[in-house]
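Structural overview for review
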Amino acid sequence: MTAAAAPGSSAPSPEPGGSAASAPHPAPASATGPPEPAHAAPAVAPAEPAPWKGWAAVCAVALGIFCLITSELLPVGLLTPVAADLGVSDGTAGLMVTVPGLVAGFCAPLVTVGAGRLDRRLVLCVLIALTAAANLAAAVAPGFAVVLAARLLVGVSVGGFWATAGGLAVRLVPERHVGRATALVFGGVPTASVLGVPAGTLLGELGGWRTAFAAVGVLGLVTLTALVVLLPPLPPTRRITFPELPALLRENRAVRAGVAVTFLVVTGQFAAYTFVRPILQDVSGIDAGFVSTLLLGYGVAGVAGNFLAGARDAYRSLLVISGALAVILALIAVLPGAVAGTALLLAWGLAYGGVSVSVQGWMIKAAPAAAEAASSLMVAMFNLAIAAGALFGGLAVDGISAPAAPLGGAALMLMAAVTVRVTALRRRPERID
């Protein structure tokens, strides 16, 4: 993360190892008690925690993100066996994916405000414990209603954990490492797609869908242990109230633009990606048997893209990402041939892999003194945009054709690129707190 001021913000850059709000300069003696005698020995500064402890805490948070995203997406590979076992249609079983996304979108700001004066370490531990309990409950559920109730709890955890954890890197590692640490935290998102969901699907095929849910529940308990052992106390830097969230949108142009860019990019992504299989088969002419392998390559490219973007300036990264995705989605909609389709799909994964870490970096940079509030707005929009993208893409496919979905996505990506560029050009100091 660079130390330059964000567009729309004049807040100071955070001190190494902490945010501007969480690491104030020590108060003079007169502010805390009577002055020391002239002959008194100088105060000894407290020793800084060992660097490895900060990185261990970052890894624990990354494991939490991995566990949550795996939980959220696990039903994708288990819809048919769950539907067959519990006597519901495949469309109804699809609610196991839709419900957590919508709930996460609404709960991101709710949990951020509701956490109040609670230690953020406690908040993260409670949310992971809730995820573990929800997956274990789903594993023994007697009917679909119980499964759906458990999925609702997963949505609460995803929204709250992501919003809280997204800005913690500035409190765990020195400033010069914040970009890499944030990339590591959000590496859990594409890694869950590449490793977590396929592993859960395999477990479901070998031991039944209940075994897969139980395994993710156990993973939640392991993650809870890691957070308890490795995460230091994280008292809140400031209390967030509901009126502050719309106020932050009104008063901070960079936050407002970041939320808009998140909506455009994520909606464009899921308008196209939801229908990637028919696009690859109908336009690129790729055999259905190879699609799963290509999607695994897409996921691996996404992991690489996450770490490539994490150490770079968020504004420049999003400008490159949105511009590249506009071109890639337009080409994959009209360019025939298996070779072209494969190359474009891998480029697509590489570009989109940097989105999560870049939009999070944008929010931290735009509102360093209100990182949690800004992150909660971004997470809410991110999850709601997933549902909006799938709906938009479905209307385009049903009303026009399969290629209309990526073409619509390309148009939204182009709008996102323009928004990023305009925001960068209109840099002007603004108060945010």
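Everything here concerns the structure above.
Numbering of residues starts from 1 in each chain and follows the order in which that chain's sequence is written. The predicted origin of the model limits local features to residues at a pLDDT of at least 70 and limits the giving and counting of side-chain atom pairs to 80 or more, whereas totals for whole chains, interfaces and linings rest on all residues. For the side-chain quantities, the full set of heavy atoms in the structure was used; hydrogens and water were omitted.

Across the nine residues that make up helix α9 (residues 178–186), a large majority, seven, are buried. Within α9 the residues assigned to the buried category are V178, G179, A181, T182, A183, V185 and F186. Exposed residues in this analysis have more than 50% of their type's maximum accessible area, buried residues have under 20%, and partly exposed residues fall in between, with area computed by a 1.4 Å probe over protein chains only. Going along the chain from the N terminus, every DSSP run of H or I of four or more residues is numbered as a helix, and every run of E of two or more is numbered as a strand.

Let us look at the packing of aromatic side chains. The rule is short: rings of Phe, Tyr and Trp, with Trp giving its six-membered ring, pair when the centres are within 6.5 Å, and they are stacked under 30 degrees, edge-to-face over 60, tilted in between. Taken as a whole, this structure holds seven aromatic pairs when the rule is applied. When the ring of W209 is compared with that of F213, the centres are 5.7 Å apart and the planes differ by 90°; the resulting orientation is edge-to-face. Of this pair, W209 and F213 both sit in helix α11 (residues 209–230), four residues apart, which is roughly one turn of that helix. A residue is classified by how much of its surface remains accessible, and W209, at 5% relative accessible area, is buried. Take F213: its relative accessible area is 0%, and that puts it in the buried class. Relative to W348, the ring of Y273 has its centre 6.0 Å away and its plane inclined at 85°; by these criteria the two rings are edge-to-face. Taken together, the residues span a long stretch of sequence, with Y273 in helix α13 (residues 253–273) and W348 in helix α17 (residues 338–352) at a distance of 75 residues. The partly exposed category is assigned to Y273, whose relative accessible area is 24%. Each member of the aromatic cluster is reached from another via a ring pair, and the members are Y273, Y298 and W348.

To continue, consider the layout of surface pockets. To locate leftover empty space, one rolls a probe as large as a water molecule over the atoms. By volume, the largest pocket amounts to about 1,700 Å³. What lines the largest pocket is a set of 41 residues, among which L73, V76, S193, F270 and Y273 lie closest to the centre. Top element by residues in the lining of the largest pocket is helix α15 (residues 288–310). It accounts for seven residues. Amino acid classes used here: Ala, Val, Leu, Ile, Met, Phe, Trp, Tyr, Cys and Pro are nonpolar; Asp, Glu, Lys and Arg are charged; the rest, including Gly, are polar. Residue composition of the lining of the largest pocket, by class: 23 nonpolar, 16 polar and two charged. Space inside and on the surface of the protein is sampled on a 1 Å grid over the protein atoms alone, with a cavity defined as a set of points where a 1.4 Å probe fits but cannot get out and a pocket as an open set with protein on both sides within 12 Å along at least 5 of 7 lines; lining residues have an atom within 4 Å of a point. Grid points are joined across faces, edges and corners, and a volume is the space filled by probe spheres set on the points.

Right, let's get into a nonpolar patch on the surface. Every patch collects residues that have over 30% relative accessible area and no salt bridge, joining them within 9 Å if they carry like charges and within 5 Å if they are nonpolar side chains (Val, Leu, Ile, Met, Phe, Trp, Tyr). For the area figures, the Shrake-Rupley method with a 1.4 Å probe applies, and any residue is considered shielded solely by the protein chains shown. For this document, the term salt bridge refers to a Lys or Arg side-chain nitrogen within 4 Å of an Asp or Glu carboxyl oxygen. A grouping of V327, L331, V334, L335 and L407 is seen on the molecular surface, where their side chains present a nonpolar patch of about 400 Å² in accessible area. For the nonpolar patch, the leading source of residues is helix α16 (residues 314–334), giving three residues. With respect to the helices and strands, V327 occurs in helix α16. Residue classification places V327 among the partly exposed residues on the basis of a relative accessible area of 48%.

All right, on to the packing of helix α3 (residues 79–86) against α11 then. Inter-axis angles, ranging from 0 to 180 degrees, are taken between N-to-C directions of lines fitted to C-alpha atoms, where helices are fitted over the stretch in contact. Across the interface, α3 lies against α11 with an axial gap of 9 Å and an inter-helix angle of 115°. Together, P81, V82, D85 and L86 of α3 and W209, R210 and F213 of α11 make up the contact between the two elements. Along the lines of polarity and charge, the residues of the contact of α3 with α11 split into five nonpolar, no polar and two charged. By definition in these notes, contact holds between two residues if any of their heavy atoms fall within 4.5 Å.

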